[in-house]
Structures are given as structure tokens and as C-alpha cells.
Amino acid sequence: MMTKFRKICNFRAIFFLFLLVMLCIFGAVRAYSDKIYLVLLVFPVAYFLYCGIKKRFVLLGISFIILCGVSVYAYINVKNFEESVLPSGQVVIVATLDKISMTSSGDYLYYFRDLEYKQDENSEACKLKDGGSIFVNGSSPLFEFKRFDRIAFVGKIVKNNKKNSDSDRKNNFYSDNKYKMYVSSDSTPVKVEVDKNIIESFHENNLDYLVKNLGERNGNICYSILYGDRATVPTHDLDSFKQSGVMHLFAVSGLHVGLLVAAIAWLLSKLKIGGKVQFFLISGFLLGYCVLCSFTPSVARASVMSICLLLSKLFERKYDSLNALSLAGIILLAFSPTMLFAVGFQLSFAAVFGIITMSRIFGFVKFKSAFMQEFWNVTKLSLSAQIGVLPIMFYYFGCVTTWTMLANLFLIPLFTLFYTFLFVCNIIVMIIPSLGFILKAPGILFDLFVYFNELIISLPGSSIEYNGVNVLSIVLYMALLWCGSKYLVVDGRTRAIVAMVIVLCISFSLFMTDLEFFGEEARINHRSLPSGVFLAQKCG
């Protein structure tokens, strides 16, 4: 039986373990809501049977520990949050402003961390055990503050309880926006003077250098590109980059990490440094960069995959991108199981999954011209990533941009040159501030980038809208991508029949918008915020 299975599926134990980890987290979270689906047990049982029959007892033991661990961790995380008790009245709240983002409705979201509250000025401060970022509806009183400011105000704290049916509170827990705070109508938020840690001071100084040498607008945007922090990007620029479909360039991911790893490896090779020393130096750099980028899903995923690639070269083993992607997912979910429900995590992994699975199909296209082949290599990467995230974009945002492919074809090569110059010049300026003028070079490239971006979004027909995608259709869509990949080892006729069946299932699932198992409750994002809700909404 197992031999037959291997003949139709190029088995990847780590990939299937990653799927089971996601399934167990989903099941554990749903179990707290008294919705236990015993059918989900079929998949881990089948996986354990396979490992047992193949006598992979070490893999079986590790898999069992991981699956049990993430399931229990996710369940306890949800249980502790749901059963915690908050004060019902107004309290004195002190929190650190972590980032600012904008919803699809045009409102702003202020995220806070390190939250403390007191019943009054003289009482002892209480820290929230759940941690994570704090979701705040805010307005003008908070606009004067900037990132890393410690802010105190009188207000009220409520949970973004996943069981609550109010659309503006539903499921924000999953993306670590566990609480919502309101500022009292007679309270004025004030800045609390505290000593910043090394990382906060580094970010603050780096942003000051960039703004000083590139101007307010360009400096803030370049800072965002370096560290994946969109909090500093002006609203107008965010809108234009979203319209052209190049917002992924503002999330430090495979493109950024790949460029840096390639540049460092080249430099170390010129210095005659290789082998284990090169591996540890690059790995250390990637770890430090992850810390500076706050371990966002995209940069953590790209870093783990890069380290796997370096390890494969170091030990002269074949690199498997699907296993590397799966390992990155397992590591991230082991530390934060509810990250599974964050849109950033889903988009990052779906894009890479699209690139991996579509490589077989696009690999059939060959050109005699070396230039055309290189051009196609860039094109197929962008196209594969867009194919991977397509249903998720429709699911969360209800639309996709029509000029995304054109924008990526022309802007990514320019961005590659700009980002490399920016990173090198930024390091030099941080070491020798008097050389700040050298940042003008990447500034010119960025102005050119913005010019072409504005040119593309001025073209007619900016987006396609559709709101009928559900979770079941996304799962089937990913199965369809798998069907077209090299990991399904069947003849062309069988592959076509399987693909047609999946397409029919997807078509049917699009009509299942009221299906309880994959219904609206599974949607976890900020798109459900009603228009007109502003930050620091006044209470009382």
C-alpha cells in the first residue's frame, strides 16, 4: 500500500507534518468553542500509521511531541484569554505604541504592547498575562505620538472576544489584537518618559538619519522598506502601492533576504571565508535582522529557508524548497500557534507555495535567447507568487489589482538595485553619520521607483472585485496547485482528471457561503471593521 502511495505522491514528511500542525491548531481553537470535529483525527492517525509502517520511529516520536505541543499550547492560549477577567470600569492605562496601520476602510489602527493598567493612580499596576499587541480605535489625540512612545491615559479595556458576534470585535484575538482600548472623553493622553532599550534606540536613530538625509516622506518610506514597518509610510503612498500591487515590497521577505544573503556570501567569498564560518556569520546576520524586523512571518520564513539552503550546501545535500518552507512554518507556529490565522502569515506562505508548485508548469516554457530566458525567469516567479495568493487576496480584501504583473515586471528589477544601495549606504551612515549625503544615491532610485509606480496606477481598470471566496475553496485551490506540481507523480491523463474534479469542487464550494465548518467565523482580519470607527474612540 505504501509503495503504491509513493508511486502517486512524492512524499515529504516535513510538509505533511506542517499540514497536520495547522490542522491541529485549527482543531484546538475550535475545540474551545465546543465544536470538535472527530473527522480531523483521520489525518494525524494516517500520518502516524505511515511512519510506523515505514519504521520511522524517530520521526513518529518528534511528530507526536510537536502536534501535541502546539495543540495544547493553542488551546491553553485561547482558554486563558477567554476566561481572564478585566475591570469593568475606567482605569489608568499605560502602554507602548508599537505600530500604526490603516484598514481597508481608510481608518487607522494603533497597536500597543507592554500594557499595564491601574484601578487608580495609587494602586499597583497589573500586567496583562496574554501579552501581544493591543488593538486600539484612535483619533486625533494620538496623532502627536510616534512609535516606541510610552503613553498613559484614562480609559476602558475590552476584549476582542472571538465568541462575540459584533463585527468589529470578532476574531481579532487570532492576530494578537487581543484587546481594544477606549480613551475617556475627559482624558488627554500623555507621554511617559522611560528609557528605551537598545533595539528601540537603534530604530529611532536610524529613522532620524534617514529623514534628515532623504526628507520626511522618502526617509519614512525607506525605513519601512528596510524593516517592514509600514507605520511610517504616508497614507497616500500606501494607497498607491496597494493599487499597483507592490505592497509586498514593504514586508521584508524572500526578495530582501535573498539579496542580502547573496551579497554577504559574495563578500565573504572574496575575503576567502567559506564553509562553517560563512554559515555561522550569515546565520547570525539573519537572526539579527529578524530581531530588528520584530520576527514578522515573512522575514522569519525567508530566514529559515535561507539557513536550510546554506546547510544543504555546507553538508553537500540536495536542497528541498518544500521541506524548507514547511520547516519554517512549523518553527513559527511552535512559538506562536495563533499566528496561523494572521493574514501576513497566510500570504507569505501561500506566495512561496505558489512558486514551488508552479515551477513544473512554467518550467516547460523555454527561450533560445538568453535575455528572454532571464526575463521569463523573473516573470514566472512573480506570476507564480500571484497565483499562490490569489484566493487569499479575494478572501480578505475582496479584490485583486489588474496591473500587479506589469508593476512587478518593471519595478522589481529597479527595486532590487535600490534596496541593495539603500542597505549598504544605511549601514555606512549608521557607522559614520557625517557621510549621510551618500543616501542621496538610493534616494534618486526611489524617486524613479515612485514615478513608474504612479504611471502604472494611472492606467485604466485598476482592480477586480469578488467576495464569494470561502475557506473550503482556498483549501481546494491549494490542492489544485499541488495537483499541477512535481509532487504528484501520475501520468498526464490522471493529473487532468484529478484537476477537473478539484475545479468542480471549487466551483461548488463558492456557493457554500453559509457552511458552518468553513463559514464566515473563520475570517480573521480587520476588513470587518465598520467604516467610521476611528482610533481612540471616546467612551462615556
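This one's a predicted model, so the numbers in the text were calculated from it and none came from an experiment.

Draft legend 1. Main features of the overall build of the protein. Assigned secondary structure in the protein consists of 17 helices and 10 strands. Taken over 540 residues, the protein has a buried fraction of 49%. Across the protein, every contact between residues at least 6 apart in sequence was considered, and the portion connecting residues at least 24 apart equals 74%. Entry remark: accessible area of the protein is about 26,400 Å², with carbon and sulfur atoms responsible for 67%.

Draft legend 2. Looking closely at the side chain of Ser485. Mapped onto the secondary structure, Ser485 falls in the loop between helix H16 (471-483) and helix H17 (492-509). The exposure class of Ser485 is buried, given its relative accessible area of 0%.

Draft legend 3. Spotlight on the packing of helix H8 (residues 254-270) against helix H14 (residues 404-431). Two elements in contact, H8 and H14, have axes separated by 11 Å at closest approach and are oriented at 55°. By the angle class used here, H8 and H14 are oblique. As H8 packs across H14, the resulting crossing turns out to be right-handed. On H14, the residues that touch Leu255, His256, Leu259 and Leu260 of H8 are Ile412, Phe415, Thr416, Tyr419, Thr420 and Phe423. The residue inventory of the contact of H8 with H14, partitioned by class, reads seven nonpolar, three polar and no charged.

Draft legend 4. Structural view of the side chain of Ser348. Looking at the element boundaries, Ser348 is found in helix H12 (residues 343-362). Those residues in contact with Ser348 that sit more than four places away from it in its chain are Pro297, Ser298 and Arg301.

Draft legend 5. Local environment of the nonpolar core. The biggest cluster of nonpolar side chains holds 65 residues, and the ones touching the most others in it are Val21, Ile25, Leu333, Phe345, Phe353 and Met478. At 12 residues, helix H2 (residues 13-32) tops the list of elements feeding residues into this core. The contact partners of Val21, leaving out residues within four places of it in the chain, are Ile66, Leu67, Val70, Ile330 and Leu333. Of all hydrophobic cores here, the second largest spans 47 residues; its members include Leu214, Tyr223, Leu226 and Cys293.

Draft legend 6. How the structure looks around the environment of Tyr395. If you trace the backbone, Tyr395 turns up in helix H13 (residues 370-397). For the pair formed by Tyr395 and Asn467, sequence separation is 72 residues and the distance between their alpha carbons is 6.6 Å.

Draft legend 7. Fine view of the packing of helix H10 (residues 297-314) against helix H11 (residues 321-335). H11 packs onto H10 with a crossing angle of 130° between their chain directions and a minimal axis gap of 9 Å. Accordingly, the angle class assigned to the pair H10 and H11 is oblique. Along this stretch, H10 crosses H11, giving a crossing that reads as right-handed. The segment H10 lies against H11, with Pro297, Ala300, Arg301, Val304, Met305 and Cys308 engaging Ser321, Ala324, Leu325, Leu327, Ala328, Ile331 and Leu332. The residue makeup of the contact of H10 with H11, split by class, is 11 nonpolar, one polar and one charged.

Draft legend 8. Main features of a nonpolar patch on the surface. A surface patch of nonpolar side chains, about 460 Å² in accessible area, is lined by Val365, Phe367, Phe371, Met372 and Phe375. Tracing the backbone shows Phe367 in the loop between H12 and H13.

Draft legend 9. Broad picture of the pattern of salt bridges. Under the criterion given, the structure shown has two salt bridges. Here Glu116 and Arg150 are joined by a salt bridge, their closest N and O atoms 3.9 Å apart. Placement of Glu116 in strand E2 (residues 108-118) and of Arg150 in strand E5 (residues 150-159) is noted, with a sequence separation of 34 residues between them. Judged by relative accessible area, which is 11%, Arg150 ranks as buried. A salt bridge links Asp149 to Lys191, with the shortest nitrogen-to-oxygen separation between them at 3.5 Å. On the criterion of sequence distance, the pair formed by Asp149 in the loop between strand E4 (134-136) and E5 and Lys191 in strand E7 (residues 190-192) is long-range, its members being 42 residues apart.

Draft legend 10. Representation of H8 within the structure. With 17 residues, H8 should cover 24 Å at 1.5 Å per step; its first-to-last C-alpha distance of 24 Å lies within 8% of that length. Listed as buried for H8 are His256, Val257, Leu260, Val261 and Leu268. Projected down its long axis, H8 shows its buried positions confined to an angular sector of 120°, all on one face. Across H8 from its buried face, at more than 90 degrees, point the exposed residues Trp266 and Lys270. Directly beyond the C-terminal end of H8, a positive phi value near 65° is found at Lys272.

Thresholds applied
Residues numbered from 1 in each chain as written. Predicted model: local features only at pLDDT ≥ 70, side-chain atom pairs only at ≥ 80, totals over all residues. Heavy atoms only, no water. Helix = DSSP H or I, 4+ residues; strand = E, 2+ residues; numbered from the N terminus. Buried < 20%, exposed > 50% of the residue type's maximum accessible area, 1.4 Å probe, protein only. Contact = heavy atoms within 4.5 Å. Areas by Shrake-Rupley, 256 points an atom, 1.4 Å probe, with all protein chains shown as cover. Axes fitted to C-alpha atoms, helices over the stretch in contact; angles between N-to-C directions. Parallel < 35°, antiparallel > 145°, perpendicular 65-115°, else oblique. Left-handed = near helix turned anticlockwise from the far one by under 90°. Nonpolar A, V, L, I, M, F, W, Y, C, P; charged D, E, K, R; others polar. Core = buried A, V, L, I, M, F, W, Y, C linked by side-chain atoms within 4.5 Å. Patch = residues over 30% accessible without salt bridge, like charges linked within 9 Å, V, L, I, M, F, W, Y side chains within 5 Å. Salt bridge = Lys/Arg side-chain N within 4 Å of Asp/Glu carboxyl O. Expected span 1.5 Å × (residues − 1). Arc of directions from axis to C-beta.

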